[in-house]
Structures are given as structure tokens and as C-alpha cells.
Amino acid sequence: MNTEIIDLRSDTITRPTDAMRQAMAQAPVGDDVFAEDPTVNLLQRRVAELLGKPAALYVPSGVMSNQLAIKAHTQPGDEVIVEKDSHIFNYETAAPSILSSVQLHVLSGQHGILRAEQLAPAVRPFEYYMPRTALVCLENTHNRAGGTIYPIEEIRRIRDFAKALGIRLHLDGARLWNASVATGIAPREYAECFDTVSVCFSKGLGAPVGSALVGTEELIQRARRFRKILGGGMRQAGIIAAGALYALEHHIDRLKEDHEKARLFAERVANNPVLGIDLKNVQTNIVVIDIAQTGKSTGELLDLLRANNVLLTDANYTSLRAVTHLDVTTEQVVRAAEIVANSIRS
Ligand SMILES: *Cc1c(COP(=O)(O)O)cnc(C)c1O
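Criteria and thresholds
- Each chain has its residues counted from 1, running along the sequence as written.
- Reporting in this predicted model follows two pLDDT cut-offs: at least 70 for local features of residues, and 80 or more for side-chain atom pairs to be given and counted; totals over whole chains, interfaces and linings ignore these cut-offs and use all residues.
- In computing side-chain values, all of the structure's heavy atoms are included and hydrogens and water are not.
- The nearness test applies per residue and asks whether one of its heavy atoms lies within 4 Å of the molecule or strand.
- Think of a polar contact as two N or O atoms within 3.5 Å of one another; within protein, one of them needs to be a possible hydrogen donor and the other a possible acceptor, and neighboring residues in sequence only count if both atoms come from side chains.
- Where accessible areas are quoted, they stem from the Shrake-Rupley method and a 1.4 Å probe; at the residue level, only the protein chains shown are allowed to cover.
- Going along the chain from the N terminus, every DSSP run of H or I of four or more residues is numbered as a helix, and every run of E of two or more is numbered as a strand.
- Amino acid classes used here: Ala, Val, Leu, Ile, Met, Phe, Trp, Tyr, Cys and Pro are nonpolar; Asp, Glu, Lys and Arg are charged; the rest, including Gly, are polar.
- An automatic or database domain assignment supplies the residue ranges for each domain.
- Residue contacts follow a heavy-atom distance rule, with two residues in contact if any of their heavy atoms lie within 4.5 Å.
- Accessible area that two parts lose when put together, evaluated with a 1.4 Å probe and summed over both, is termed the buried area.
- Basic side-chain nitrogens of Lys or Arg form a salt bridge, by our definition, when they fall within 4 Å of a carboxyl oxygen of Asp or Glu.
- Strands are treated as partners if at least two bridges between them are detected by DSSP.
- Every axis in this analysis is a line fitted to C-alpha atoms, fitted for helices over the stretch in contact. Angles between the N-to-C directions lie between 0 and 180 degrees.
- Buried, partly exposed and exposed residues are distinguished by accessible area as a fraction of the type maximum, computed with a 1.4 Å probe on protein chains only: under 20%, between the cut-offs, and over 50%, respectively.

Q: I would appreciate a short explanation of the site of the ligand in the present structure.
A: All residues adjacent to the ligand are Ser61, Gly62, Val63, Asn66, His87, Glu92, Glu139, Asn143, Asp172, Ala174, Arg175 and Lys203. Interatomic distance of 2.9 Å between a side-chain N/O atom of Asn143 and an oxygen atom of the ligand. At a separation of 2.9 Å, an oxygen atom of the ligand approaches a polar side-chain atom of Lys203. Starting from 380 Å² of accessible surface for the ligand in isolation, the protein chains cover 84%. At three residues, the largest contribution of residues to the shell around the ligand is made by helix α3 (residues 62–73). Its residues assigned to classes, the shell around the ligand comprises two nonpolar, five polar and five charged.

Right under this line is the structure:
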């Protein structure tokens, strides 16, 4: 019996490859609080260029990147429109209320996607006794909805609407690379619609640490100040930035393999009639499995799978989530799918 554990909990569990570690070991470094780390500076230039923005800031996490954007775009008492399943609303510990003293205005999307028409009724009239709608945040791909891709036409409609009202637009693009590889739309084409974009290097790209925020010079200067306030000013960060640079160079195109693996996994699991899989929403590297028909809880099923050496997570109370990544082979993904399909009964 094969006792190897197949870990599909997240694409954040990936570890740096030997080649990436080599690049990190050899990276020239300096003190980044003095803006003197050549590798961090190179990474920031490269990311700004890839996303077609004037400036970029390397930060320790995607949460910090999103929160710096919210802080830089808002004043206390402002309102920020987000989608109900967004990472910012669900997984960032209420940080906007703590760090920026803003109120989140939550709208329900379809698979994480808001339509431009939903925004008009949510925007506050300009009255002194009302919050001011300052910012809209979108997420692409959408994590909790299962790696779904934001249609670029909808993003453009939302951009046109927001721009006309002077409302800023931020993209949580932790997995923008996945959206870009899946659609063939360049990251800069997406980024063009936004004032700021946050991207992660530590998800599917496989770098050990870090995200970046891109935007105008002026906004990134503000974000740099807030990064320091939050204790995110790093010194010889070139060692970790080198992992991110390596990932940008070598690990973007291969994301399509993760997408193929996710589809393979989803198709096999869908053979089990008590497991609900919406194949048309398996668009990138995340598969959401509806378990409502099994009569069991997510906790029970996760334990059962763990006993069979497959690790998944729960997406919500009635769904499990599997994520494919750099550190699992096609053979492992197929084996995991068979275990999931065969071990779960109603
Ligand atoms: C992972 C993720 C983040 C940032 O998470 P960190 O753990 O702080 O790096 C932000 N947004 C989305 C959509 C994510 O999936």
C-alpha cells in the first residue's frame, strides 16, 4: 500500500526548488530600508514592468499588500466595496477596520464575480452624514469561489463606472498569474484597469515569501511609509526576493500544468454521484467539491481522507477544496482523485 501523503490543501505549501534555492543563495543583497537591496530593486522593476505600472513594492504577504492598498487609497470613515466571498472580507482578520478605520460594503457576486450594474445602488450619495465610497476591490482569480476568472469585459465595465465617479479600483491578484495563463490575457492588460494591483509570489509561483503592490509612484511612496509603520520594512530581503524573481522567470508558464491537473482531478471526482462538481467553474488550479449529498460534515470527510493520505481543506460548511500546485505530480493528483471518488459514500 502506498502511504505517501498527497497534499492538495493549498498552492502555498510549495517549497523552493533546488534551482530557486541556488538563485536565492547567490543573490546580491543590501539594506532594503535604505532601498539599497539590488535584488529587491530588480524584482520591483520587473513586477512594475510586467504589470505596466510605474512602481512596485515588495512586501512580506498578500494580506499586507491588500491592506497597504486600502490604507493608501482611503481616509478613516470611507467605505470600500468588496464581494462577500473575497479574501479581503473573509481572511484578513478584519484588518481594514483595524488599520484603515474604513467600513466594508459587501455585495454578493456570482462565483465571486460582481457585475458593474450592482455598483450603482451601492455607491453612497455625496452627503456629509454618509460614508464616502472611496474604493472597490476585485479578486482575480477568485479564491473562495474556486479559482474563477473575472471576465475582462466585466472588469472594464466596472472600471468605466468607477472612473466616472472618481472611485479607486484595487485588484487582489494573488492568483492573477493563473488568470493570465488560462485566458492568454497579459497581466498588464488586466492591471491597466486598476489603480493598484497586488500579486503573490508564494502561491502557485512557488517562491517561499512575498507579494508585491503596484501603482503610481506617489501611491507606492505612501504604501512604503505604511509598510514601515506595520513593521514590514525588511533588510537583506534580496534573499527571498530572488526566489520571487526566479519564479517570475520560470514558474509562470508552467501554471497551465496545474490547471490541467485540476481538471483531471475534477473529472475523476465527478464520477462519484454524491459529490457535486461544477466542471465549468473549474477554470484554473482550484476545485470545489460540494458534499451536501453525502450527509457528512466537512470535518468528517477531511478526517476520512486524511486517514487515506489525501489532504484537502474545507471551502465552506458544505464544500471541500483541492488545489493543484508545483509539488504534486499528475500521477499523485489522479491517485488522490481516485481516493476521494472511492472513499466517500452517502
Ligand atoms: C493567499 C491570498 C492572499 C494573501 O495571502 P497571504 O497569506 O497574506 O500571502 C490574498 N488574496 C487572495 C485571493 C489569496 O488567495
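Q: In this structure, what is going on with the domain arrangement of the chain? I would like to understand it.
A: Often the size quoted for an interface is simply the accessible area lost on bringing the parts together. According to the domain assignment, the chain consists of domain 1 (6–14 + 253–343) and domain 2 (18–250). Just the C-alpha atoms count here: the centres of domain 1 and domain 2 sit 27 Å apart. Across the contact, 19 residues belong to domain 1 and 21 residues belong to domain 2. When domain 1 packs against domain 2, the two sides together hide about 1,600 Å² of surface, and 51% of this comes from carbon and sulfur. We note a salt bridge from Arg175 to Asp11, for which the minimum N-O separation is 2.8 Å. Joining domain 1 to domain 2, the criterion identifies seven residue pairs in polar contact (both at pLDDT 80 or more). If you list the elements that add at least two residues to the side of domain 1 that touches domain 2, you get α11 (255–269), β9 (286–290) and β11 (313–316). Counting residues per element, the side of domain 1 that touches domain 2 draws most heavily on α11, which supplies three residues. Here the residues of the side of domain 1 that touches domain 2 are counted per class, giving five nonpolar, eight polar and six charged.

Q: How should the sheet that holds strand β8 (residues 211–215) be read in this particular structure?
A: Whether parallel or antiparallel, the strands of a sheet pair through hydrogen bonds between backbone atoms. The seven strands lie next to each other as β2-β8-β7-β6-β5-β3-β4, forming an open sheet whose pairing is mixed. Single-partner strands in this sheet number two, and they are β2 (55–59) and β4 (103–107). Averaged over all neighbouring strand pairs, the angle between strand axes comes to 20 degrees, with direction disregarded. Helix α7 (residues 176–183) rests against β6 (168–173) and β7 (196–200) of the sheet, and its axis sits at about 90 degrees to β7.

Q: What exactly am I supposed to notice about the environment of Ile155 here?
A: In this fold, Ile155 is placed in helix α6 (residues 152–164). Once the C-alpha coordinates of Ile155 and Thr284 are considered, the two residues, 129 residues apart in sequence, prove to be 18 Å apart. Non-local contacts of Ile155, meaning those with residues more than four positions away in its chain, are made with Leu138, Asn140, Tyr150, Tyr190, Cys193 and Phe194.

Q: In this structure, what is going on with the side chain of His259? I would like to understand it.
A: In this structure, His259 sits in helix α11. Setting aside residues up to four positions removed in sequence, His259 forms contacts with Asn178, Val181, Ala182, Gln283, Thr284 and Asn285.

Q: I would appreciate a short explanation of α7 in the present structure.
A: In an α-helix, one full turn covers 3.6 residues, which means residues spaced three or four apart are oriented alike. Taken together, the buried positions of α7 are occupied by Leu176, Trp177, Asn178, Ala179 and Ser180. On its buried face, α7 is in contact with α2 (38–50), β6, α8 (187–191), β7, α10 (238–250) and α11. Immediately downstream of α7, the backbone of Gly184 shows phi near 80 degrees, a positive value.

Q: Looking at this structure, how should I read the environment of Arg345?
A: Positionally, Arg345 belongs in the segment after α13 (330–343). On a C-alpha basis, the gap between Arg345 and Gln293 in space is 9.2 Å, while along the polypeptide they are 52 residues apart. In contact with Arg345, not counting residues within four places along its chain, are Asn272, Thr294 and Lys296. Separated by 3.4 Å, the side chain of Arg345 and the backbone oxygen of Asn342 make a polar contact.

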